[in-house]
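Residue-level structural notes
One letter stands for each residue in the lines below.
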Amino acid sequence: MQLTFDILRWSHIFFGFLALAVFWIPIVTKKGGRAHNRAGWIYATAMGVVSASAFLMGMYRLTWDAGPDADAIPFAWFLTFVSILSAATAWYGIRVLRHKRRKTPHRVTLDLLFPFLLFASGIGISAYGWVIHFPLLQYFPFLGVFLGGTQLLYWLTVPAKPSHWAVEHIVGMLSCCIATVTAFLVFGAPRLLGVDSGSLLVWFSPTVALVPLIIGFTNVYRRKFDGPRR
């Protein structure tokens, strides 16, 4: 069992660094261009492996071997939540492109399952964080509650504006980037860079840094597809 865990861990580390290395390329390159598309698919594939390995490692810690650290169980729950957050947002960012011409509510089971899991896990893990007084689990899962709820609302309603697919693609993929960088700061940076991960400021810095990008890009594409606001 330990060998399996080690394989998962090293796969998680390798593909996690790959995702960190390329996630910025689709942000700065021409949207829809070759570099954007290729780097985007590399990032999405890497995050698929990262999400799967994180979920399995989290389940291992929760059910098999928590380890000697007193905070191992809370961090295992965080790892599990981030795996759901990463998978749900990346999947959403890809699938809105596949269905950008839809004119009716969208009820494909898998497309609804991911945001439902994200919404439900955000509520459950946040409640657990309040019970054990663990700030990371108290506040960060609210991001999943918000994103899961908005994704469900998007799929179950008729798109109101031509820009809907571009805006939701940006929100999905940059939200996945938030999960990528946050996980690195919580798990990787303290070991590799000696960064103190004990404050909410560190944990929420990727959200604070990337949310303005989400707002900026979505405003640009709303104007591009919907025309100027009256």
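Residues numbered from 1 in each chain as written. Predicted model: local features only at pLDDT ≥ 70, side-chain atom pairs only at ≥ 80, totals over all residues. Heavy atoms only, no water.

Some thoughts on the environment of Gly58
Filter applied, for reference: Note on conventions: DSSP H or I runs of at least 4 residues are helices, E runs of at least 2 residues are strands, and numbering of each starts at the N terminus. A 1.4 Å probe rolled over the protein chains alone gives each residue an accessible area, and that area as a share of the maximum for its type sets the label: buried under 20%, exposed over 50%, partly exposed in between. Any pair of residues with heavy atoms lying within 4.5 Å of one another is described as a contacting pair.
If you trace the backbone, Gly58 turns up in helix 3 (residues 34–63). With a relative accessible area of 0%, Gly58 lands in the buried category. In the structure, Gly58 is positioned 22 residues away from Thr80 in sequence and 5.1 Å away in space, judged by C-alpha atoms. In this structure, Gly58 is in contact with Ala76, Leu79 and Thr80, ignoring residues within four places of it in sequence.

A closer look at the nonpolar core
This is how it is decided: Note on terminology: a nonpolar core comprises buried Ala, Val, Leu, Ile, Met, Phe, Trp, Tyr and Cys residues joined through side-chain atoms within 4.5 Å.
Tyr43, Leu85 and Phe140 are the most contacted members of the largest nonpolar core, which totals 51 residues. Secondary-structure elements contributing two or more residues to this core are helix 1 (2–22), helix 3, helix 4 (72–98), helix 5 (109–132), helix 6 (135–139), helix 7 (142–156), helix 8 (164–192) and helix 9 (200–226). When residues in this core are grouped by element, the largest group, 15 residues, is from helix 8.

Topic: the pattern of salt bridges
To keep it simple, the criterion reads: By convention in these notes, a salt bridge is any Lys or Arg side-chain nitrogen within 4 Å of a carboxyl oxygen on Asp or Glu.
With the rule as written, the count across this model stands at two salt bridges. As a salt-bridge pair, Asp6 and Arg9 come within 3.3 Å of each other at their nearest N and O atoms. Here the residue Asp6 and the residue Arg9 both occupy positions in helix 1, the gap between them amounting to three residues, near one helical turn. Taking the relative accessible area as the measure of exposure, Asp6 reaches 22% and is therefore partly exposed. Its salt-bridge partner being Asp111, residue Arg95 comes within 2.9 Å of it at the nearest N-O pair. With a gap of 16 residues between them, Arg95 in helix 4 and Asp111 in helix 5 connect regions that are remote in the sequence. Taking the relative accessible area as the measure of exposure, Arg95 reaches 19% and is therefore buried.

Describing the environment of Leu97
Mapping Leu97 onto the fold places it in helix 4. C-alpha separation for the pair Leu97 and His164, spaced 67 residues apart in sequence, amounts to 9.9 Å. The residues touching Leu97, leaving out its near neighbours within four places in the chain, are Trp165 and His169.

Some words on helix 4
Our working rule: The span you would expect from a helix comes to 1.5 Å times its residue count less one.
Its 27 residues give helix 4 an end-to-end C-alpha distance of 39 Å, which sits within 8% of 39 Å, the value for a rise of 1.5 Å per residue. Across the 27 residues that make up helix 4, a large majority, 19, are buried.

Thoughts on the layout of surface pockets
Quick note on the threshold: Think of a 1 Å grid over just the protein atoms. A cavity is a set of points where a 1.4 Å probe fits yet cannot get out, a pocket is an open set with protein on both sides within 12 Å along at least five of seven lines, and lining residues have an atom within 4 Å of a point. Grid points are joined across faces, edges and corners, and a volume is the space filled by probe spheres set on the points.
Its volume calculated, the second largest pocket comes out at about 680 Å³. Lining the second largest pocket we find 26 residues, and of these His36, Asn37, Leu97, His169 and Met173 sit closest to its centre. Among the elements of the structure, helix 2 (25–28), helix 3, helix 4, helix 8 and helix 9 are those that each provide at least two residues to the lining of the second largest pocket. It is helix 8 that contributes the most residues to the lining of the second largest pocket, seven residues altogether.

Considering the packing of aromatic side chains
Condition: Two aromatic rings, drawn from Phe, Tyr or Trp (for Trp, its six-membered ring), form a pair once their centres lie within 6.5 Å of each other, and the interplanar angle then sorts them: stacked below 30 degrees, edge-to-face above 60, tilted otherwise. Remark: a charge is flagged as sitting over a ring if the NZ atom of Lys or the CZ atom of Arg is within 6 Å of the ring centre and within 35 degrees of the ring normal.
A full pass over the atoms with the stated rule returns 15 aromatic pairs. A ring pair is formed by Tyr221 and Phe225, whose centres lie 6.2 Å apart and whose planes are at 25°; its orientation type is stacked. In this pair, Tyr221 and Phe225 both sit in helix 9, four residues apart, roughly one turn of the helix. The class of Tyr221 is buried, set by a relative accessible area of 14%. Assessed through its relative accessible area of 30%, Phe225 is described here as partly exposed. A cation over an aromatic ring shows up here: Lys100 above the ring of Trp165, its NZ or CZ 4.5 Å from the ring centre.

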